[in-house]
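# Structural overview
Below are the chains, spelled out letter by letter.
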Amino acid sequence: MSLPSFSIALDLFPLLAATLAALVCALLGNFLVLRRLSLMGDAISHAVLPGLVIAFIISESRSSLAMLLGAAIAGIATVVLVELVKKLGRVEPGAAMGVVFSVLFALGVLLIENAAVRHVDLDADCVLHGQLETLVWFGAPDRFLDLLSPATLDAIPRQVTTLLVMLVAASVFVALFFKELRLAAFDPALATTQGFNATAMHFALMLFVAGATVASFEAVGSILVIAMLICPAATARLLTDRLLPQIAASLVAALFASLAGYFGASWIPAMVSADSVNAAGVITVASGAILIGAAVVSPSHGVLARALRRASMRRRIALDDLLASLYRREEGAAAPRPATASRTVRLATRLGFMTGDAQALTDAGRAAARDVVRRHRLWESYLVERAGLSPDHVHETAERLEHLGIRPTGGPPTDPHG
């Protein structure tokens, strides 16, 4: 069974629309994620719905200018209402955003029903899922070389043009105000002291998010907009702690999700002899899958990396306990040897800390053990002298703190136990 082939007439403009929407949302989503305003993207994408519907009702058309104006007003109103609810209601930001976007989205749904009564061409499924499949190019050329003709420009759908303009505008905005956006994202108070109006940057960013949402609504729907505002940026945030690489990684993740999701919407069902599914939905699933993959394999924050660090810490703690116990026995203390796993004994022997019979420390092992015991006793002294604990209540706490690996200098000649 052969897979569907790429068709200029059927696939070119839908793929361009999905890719442009993903890129513009990913670019702006980085600053939402950094400012812990991911829910704000969700709120705006829902709350601009009444603005769109009101613009439709008034203009009785899907004019890009009317849509953008209605969404911009709704987006600004959303940000203002969130701030008012947060301050007047004294609730945390997430709750304020949830209240505002739930109410405004419900209002938008009611207005859609009213718009349908007034015979305005407005479809709820279009708002939620988009209409990528309708961006068909009738009379498209058969060869890619023929796309270089002037007729191609005349055939570009309004949705693709709007998304391209929005991507260029957002890119220019981020490039011109990158320093201000970065500073406002990490420390708004410091940005204000440096002469930047953090509040103005916040509203400008929200305005662009609203614009990107509107530009994407008709083509890909609000569900994909929400995913692309958060998933690529969150994926990149897991992979790097620097802003410029994060932005680049988010754009790559968005591009890959767009391509994989769009082609997967027809190729995967074709493998099981099923009909194609909604492309925007599959792109959303692909972006979520990429995020899950990053959460697993991220070198700094991934599940595997954390598991490896925990395993390494467990091995080091077991080794420290074994060496410290043997060292205290050499000192003449009645310290029982811990119930150590055979792999810890093999590790100590392989590192040259113990002799082959696993009963005596080597010179290197004695030095390492002395370091562990010294840290333990310094922590005991600190807990007694500075924290005011009783000497008979500090051993277990110092037993945990000794594994931190801190190498203090100086200290008292004896511990609280002499």
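The structure presented is a predicted model; accordingly, all values stated were derived computationally and were not measured.

### Structural notes on the overall build of the chain
In terms of helices and strands, the chain carries 16 helices and zero strands. Across the 418 residues that make up the chain, the buried fraction comes to 45%. Sequence separation of 24 or more characterises 71% of the internal contacts of the chain that already satisfy a separation of 6 or more.

### Section: helix α12 (residues 279–297)
Relative to the 27 Å expected for 19 residues at 1.5 Å per residue, α12 spans 27 Å between its end C-alpha atoms, a close match to the ideal helical length. Taken residue by residue, α12 has A279, A280, V282, I283, T284, A286, S287, G288 and A294 as its buried positions.

### Thoughts on the packing of helix α1 (residues 8–34) against helix α11 (residues 243–271)
Packed helices, taken two at a time, are described by their axes: the angle between them and the distance between them. Running from N to C, α1 and α11 point in directions that differ by 150 degrees, and their axes come no closer than 8 Å. One way to sum up the angle between α1 and α11 is to call them roughly antiparallel. Both α1 and α11 take part in a crossing whose hand is right-handed.

### So, helix α13 (residues 303–331)
Across its 29 residues, α13 extends 42 Å between first and last C-alpha, which sits within 8% of the 42 Å expected from 1.5 Å per residue. At its buried positions, α13 is contacted by α14 (342–350) and α15 (363–385). Where α13 terminates, the next one or two residues include G332, which has phi positive at roughly 100 degrees.

### Observations concerning the side chain of S258
As for its placement among the helices and strands, S258 is situated in helix α11. In this structure S258 comes out as buried when scored by relative accessible area, which is 0%. In terms of polar contacts, S258 uses its side chain to reach the backbone carbonyl oxygen of A254, at 2.8 Å. Here S258 is in contact with L15, A18, T19, A22, M228 and I283, once residues within four sequence places are set aside.

### Re the confidence of the model for the chain
Averaged over all residues, the pLDDT of the chain equals 79, while 86% of them reach at least 70. Ranking the elements of the chain by mean pLDDT puts helix α5 (residues 124–129) last, at 58, and helix α7 (residues 158–176) first, at 90.

### Re the packing of α1 against α7
α7 packs onto α1 with a crossing angle of 25 degrees between their chain directions and a minimal axis gap of 9 Å. When the axes of α1 and α7 are compared, the pair comes out roughly parallel. Regarding α1 and α7, the two cross each other, and that crossing is left-handed. Contacts between α1 and α7 involve F13, L16, A17, L20, A21, L23, V24, L27, L28 and F31 from the former and V160, L163, L164, M166, L167, A170, S171 and V174 from the latter. For the contact of α1 with α7, a count of residues per class yields 17 nonpolar, one polar and no charged.

### Focus: the packing of aromatic side chains
Applying the stated rule across the entire model yields four aromatic pairs. Aromatic pair Y262 and F263: ring centres 5.6 Å apart, planes at 85 degrees, arrangement edge-to-face. Overall, F263 belongs to the buried group, its relative accessible area being 18%. Where W379 meets Y382, the ring centres are 5.8 Å apart and the plane angle is 90 degrees; that geometry is what we call edge-to-face. Here W379 and its partner Y382 are both found in helix α15, three residues apart, which amounts to about one turn of the helix.

### Comments concerning a nonpolar patch on the surface
On the surface, I76, V80, L81, L84, L88 and L207 cluster together into a nonpolar patch covering about 510 Å² of accessible area. At five residues, helix α3 (residues 64–88) tops the list of elements feeding residues into the nonpolar patch. Looking at where L207 falls in the secondary structure, it is placed in helix α10 (residues 198–239). By relative accessible area, L207 is classed as partly exposed at 37%.

### Section: the environment of S5
Assignment of secondary structure puts S5 in the segment before α1. When the C-alpha positions of S5 and W267 are compared, they lie 9.1 Å apart, and in sequence the two are 262 residues distant.

### Remarks on the environment of V277
For V277, the position within the fold is in the loop between α11 and α12. V277 gets classed as partly exposed once you look at its relative accessible area, which sits at 43%. Taking the C-alpha atoms as reference, V277 lies 9.0 Å from G264; in sequence the two are 13 residues apart. With residues near it in sequence (within four places) discarded, V277 still touches E133, A265, P269 and V282.

What counts and how
- Residues numbered from 1 in each chain as written.
- Predicted model: local features only at pLDDT ≥ 70, side-chain atom pairs only at ≥ 80, totals over all residues.
- Heavy atoms only, no water.
- Helix = DSSP H or I, 4+ residues; strand = E, 2+ residues; numbered from the N terminus.
- Buried < 20%, exposed > 50% of the residue type's maximum accessible area, 1.4 Å probe, protein only.
- Contact = heavy atoms within 4.5 Å.
- Expected span 1.5 Å × (residues − 1).
- Axes fitted to C-alpha atoms, helices over the stretch in contact; angles between N-to-C directions.
- Parallel < 35°, antiparallel > 145°, perpendicular 65-115°, else oblique.
- Left-handed = near helix turned anticlockwise from the far one by under 90°.
- Polar contact = N/O pair within 3.5 Å; in protein donor to acceptor, adjacent residues only side chain to side chain.
- pLDDT = per-residue confidence, 0-100.
- Nonpolar A, V, L, I, M, F, W, Y, C, P; charged D, E, K, R; others polar.
- Phe/Tyr/Trp six-rings, centres within 6.5 Å; stacked < 30°, edge-to-face > 60°.
- Patch = residues over 30% accessible without salt bridge, like charges linked within 9 Å, V, L, I, M, F, W, Y side chains within 5 Å.
- Areas by Shrake-Rupley, 256 points an atom, 1.4 Å probe, with all protein chains shown as cover.
- Salt bridge = Lys/Arg side-chain N within 4 Å of Asp/Glu carboxyl O.

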